[in-house]
Amino acid sequence: MSPDQAMVVAAVALPFVVAAFTPLIFRVLGEETGFAGSVVALASFGLLATQYGAEGTVALQWVPSLDIALRFYVDGWALLFALLACGIGALVFAYSPAYMYGQSGLVRYYAALLAFMGSIVGVALAADLIAIFLFWELTSLCSFVLIGHYTADDSSQYAARMAMLVTVGGGLFLLVGLLLLSVVAGDVLGPAAAFDLAAMLEHPEAMQAVLRDRGLFLPVLGLLAVGAATKSAQVPLHFWLPNAMAAPTPVSAFLHSATMVKVGVYFVGRVRPMLGGEEWLLLFATLGLATMTICAMLAVAATDIKELLAYSTASHLGLMIAGFGFTSVYGAETGVFHLLNHALFKAALFLVAGIIAHEAGTREIAKLGGLRRDLPVTAAITTVVALSMAGIPPFNGFYSKELLYEAAVEASHHHEIGALGWLYPAVAVFGSIFTVLYSLRFLALFFGDRPDELGHVHSPPVTLLVPPALLALLAAAVSVSPQFAVDLVVQPGLEATAVDPHEMHVGLPTSYSTPVGMSAVTIVAGVAAFPFYERLHDAIGAIPRRAPPIGANWWYDALVSSLSIEGRWVAGRVHNGLLRTYATWTLGATCALALVGFLAAGALEPVELGLEATPSIALVLLVAVVGALAVVLADSHVAGVLTLSILGFMIAIFYILASAPDLALTQLVVETLVLVIFLLVIEEIPDGAAIGLRRSVRDVVLSLAVGATAFVTVLVTTSARPTGPTDIARYFAERAVPEGGGTNIVNVTLVDFRGFDTLGELVVIALAAISILTLIVMRGRGDSDLIDTRAGDELLDDEVTKDESIGTHADGGNAEGTDNDRGDEQ
């Protein structure tokens, strides 16, 4: 069936609308605002659930004549991701009131969380490349606000800036890749489908063929890979995710386990049918398995439970990227199924980490243990989800891990990738062994001996227990009946991401196969190595301490520091407080951008100049040229300005001779006003101001550059004029008199057809004038106000000094009482 436009648009728009009204909602509900967020998330979930089984595109027309619209595409893959975002979002909102109780900035917190949820749903459903990019960047912006929630904490601000720089920087790579895709799509599918991703995915072979023919396949693949890798924390761009754990735990559970970090994975799965091939496999399978292994090892070296879960998240994201990287159907099954499984067990684990930190007062792994006695329900929840994360059968994580092994083995048999063929399965097993290790270590927090330094552990409120319990129950349900989950939500997602989808079947293995053997090796080796966990922890943790450049944070800090130093150096030369410097940089940059743009667009072609002019026009232009030359020879500022005005008035006369009296009148008014302003400003310029040779040369070069740019711009724009009247020109000409009531088409266009545009321009000019006038008035009052303030402060100081002297003599030295009394009076 076809999707319902109203339902789809409402599901995307609802979180944004409520986010705008969050201050009012918080004024009414206060600390309980999170439950209102849960209602919004459940409402969006319900709206999307009505579209189950639908497939197709809906569009909100913006400029129909140009086929510009906001398009949303609904299929199984989009619904799976959007429903996960709304469902887990509802639980996180319900978890937040108890966890965030008594903290400041809750209005900002809930508003950003709602906007983030809307952005994720927008990314999932967007069918237009521009819409995808806008929602993609909105997730980064909301993440920046949420990671930096603790504004007084330096580590929180550091992490927020890092996440913003990495993810937004990656978004720029994504943007270039999307623009290249749109160029190719415009040629293959027509201009109307240039930004329509759904249309591109309907013709994947044609798109890939043209990309290869033009040599754009590898650039597009690389650009999109960088964008996805930054968002999904792939090595070596993974370092921002562990630092982002400075955010509140509900944010980590929502953004950094279930939704935002999976945006890159989601997009890789979305474009997989169009860009899949040998290059795709080599890039994404290698990237994913490297991330899976390296981050699993770093998770073993973690000392903080959220840090462990953060590296674990990056590792599992690598598993999903590797799954989608393998071009067989098993790869698509791995990516889609593990996206569901990971969201269930990892969001629950983060919420469990929040309970531990909230009730035990620490997140240090070494200080935690034996928590099952104080937190029995939390221990039961952790058992289910931690074993799922480890991939222990029959828990749900086992099934998607088994599919990864099948995809890796299949790739080693059917692709000509040399030694990588057997390296892929080996690396998958090696990384999974560390997954078993850190999963067991997290589970061990609830078992074993209780550390002596661990104080009293409080019982968590019900609102903290219910969200992770529901997620654990869902993970258990998938574990018990994985085929039901596959048939319900995974199979539709598989059909959207696989090149050759078929009916998917999962279950516990009943006979030996290579993937089954790999799973057995993983589990046995992981359990056998667990007694040596502390040794592995110390050994891996010592590597970046001994060789700092190995750590990604070292490179980030060095890069940011270098950029800051260079930025201060540039700022000292560009922003030196001199108007001449500002004008030089502004005009120079404008000229450079304009000329480079003309050159890149191929607009700088030989132009035939038709120098036809009547004697009167030729005489006027000659006088204008003579006036321009006379400006250079003027011996004073006043003479230069007056001579320059000759040029402006000659242009006005030229307009009159060219039958454009309205333009002539405008030119006369503007020229007169500019002349008056110049004469007023000249009074402030000292006579005989000496200008060195270097500045004179710079001014001459800049003047020539500005003049050349203006000259070239006029030539380019006039030569680009269409031959004959255009549809728009005919429209204005035919309707000027009957609809505008005027025979001057220019005036009618400005006043009637584009009246709102003209009104907007007038408003901007008026606001600029008011702002300038305000600055002038404030500048005039500033010095006198400052003098009055200083005088008042000095007078107050004198009075306080007198009071201190009187109080000291009256009380016989009772300074403390005197100070208190005086403080109350003040």
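Novice: When you look at the pattern of salt bridges in this model, what are you seeing that I'm missing?
Specialist: Between side chains of opposite charge, pairing is possible as soon as their charged atoms come close. Enumeration according to the criterion identifies 13 salt bridges in this entry. A salt bridge links Arg363 to Asp304, with the nearest nitrogen and oxygen atoms 3.1 Å apart. With Arg363 in the loop between helix H16 (329–360) and helix H17 (376–390) and Asp304 in the loop between helix H14 (278–300) and helix H15 (305–325), this pair connects stretches of sequence that are 59 residues apart. The exposure class of Arg363 is partly exposed, given its relative accessible area of 27%. Note on Asp304: relative accessible area 16%, which makes it buried. In this structure, Arg441 engages Glu534 in a salt bridge whose closest nitrogen and oxygen atoms are separated by 3.9 Å. Of the two residues, Arg441 sits in helix H19 (residues 420–443) while Glu534 sits in helix H23 (residues 533–546), which places them 93 residues apart along the sequence. Given the relative accessible area of 14%, Arg441 is considered buried. Members of the salt-bridge network, linked through shared partners, are Arg71, Asp128 and Asp196.

Novice: Just checking my understanding: could you explain unusual backbone geometry for this structure?
Specialist: The phi angle of most residues is negative, glycine excepted, and most peptide bonds adopt the trans form. For the bond from Val235 to Pro236, the omega torsion is 5 degrees, close enough to zero to count as cis. Its place among the elements puts Pro236 in the loop between helix H10 (217–231) and helix H11 (240–243). A cis amide bond, omega 5 degrees, links Pro393 with the succeeding residue Pro394. A positive phi is found at Ser659, a non-glycine position, where the angle reads about 65 degrees. One can find Ser659 in the loop between helix H27 (637–657) and helix H28 (661–682). Residue Ser659 is classed as exposed on the basis of its relative accessible area, which comes to 65%.

Novice: Looking at this model, I keep getting lost on H27. Mind explaining?
Specialist: Residues spaced three or four apart along an α-helix point in a common direction, a consequence of the helix completing one turn every 3.6 residues. Helix length check: H27, at 21 residues, gives a terminal C-alpha distance of 31 Å against a target of 30 Å (1.5 Å per residue), a fit within 8%. Of all the residues in H27, the buried ones are Gly640, Val641, Thr643, Ser645, Gly648, Met650 and Ala652. Along its buried surface, H27 packs onto helix H26 (615–633) and H28. Within two residues after H27, Ser659 carries a phi angle of roughly 65 degrees, on the positive side.

Novice: Just to check I follow, could you spell out the confidence of the model for the chain for this structure?
Specialist: Regions with low pLDDT should not have their predicted coordinates read in detail. Within the chain, residue pLDDT values average 87, and 91% of them lie at 70 or more. The low-confidence segment residues 786–791, where pLDDT is below 50, has zero contacts with residues more than four positions distant or belonging to other chains.

Novice: Can you walk me through H10 in this structure?
Specialist: Between the first and last C-alpha of H10 there are 21 Å, a value that for 15 residues agrees with the 21 Å anticipated at 1.5 Å per step. Of all the 15 residues making up H10, 11 are buried; the element is thus mostly covered by neighbouring parts of the structure. Of all the positions in H10, only Phe217, Val220, Leu221, Leu223, Leu224, Ala225, Gly227, Ala228, Ala229, Thr230 and Lys231 are classed as buried. Packed against the buried residues of H10 are helix H6 (129–147), helix H7 (154–189), helix H9 (204–213), H11, helix H13 (263–275) and H14.

Rules and cut-offs
- Residues numbered from 1 in each chain as written.
- Predicted model: local features only at pLDDT ≥ 70, side-chain atom pairs only at ≥ 80, totals over all residues.
- Heavy atoms only, no water.
- Salt bridge = Lys/Arg side-chain N within 4 Å of Asp/Glu carboxyl O.
- Helix = DSSP H or I, 4+ residues; strand = E, 2+ residues; numbered from the N terminus.
- Buried < 20%, exposed > 50% of the residue type's maximum accessible area, 1.4 Å probe, protein only.
- Expected span 1.5 Å × (residues − 1).
- Contact = heavy atoms within 4.5 Å.
- pLDDT = per-residue confidence, 0-100.

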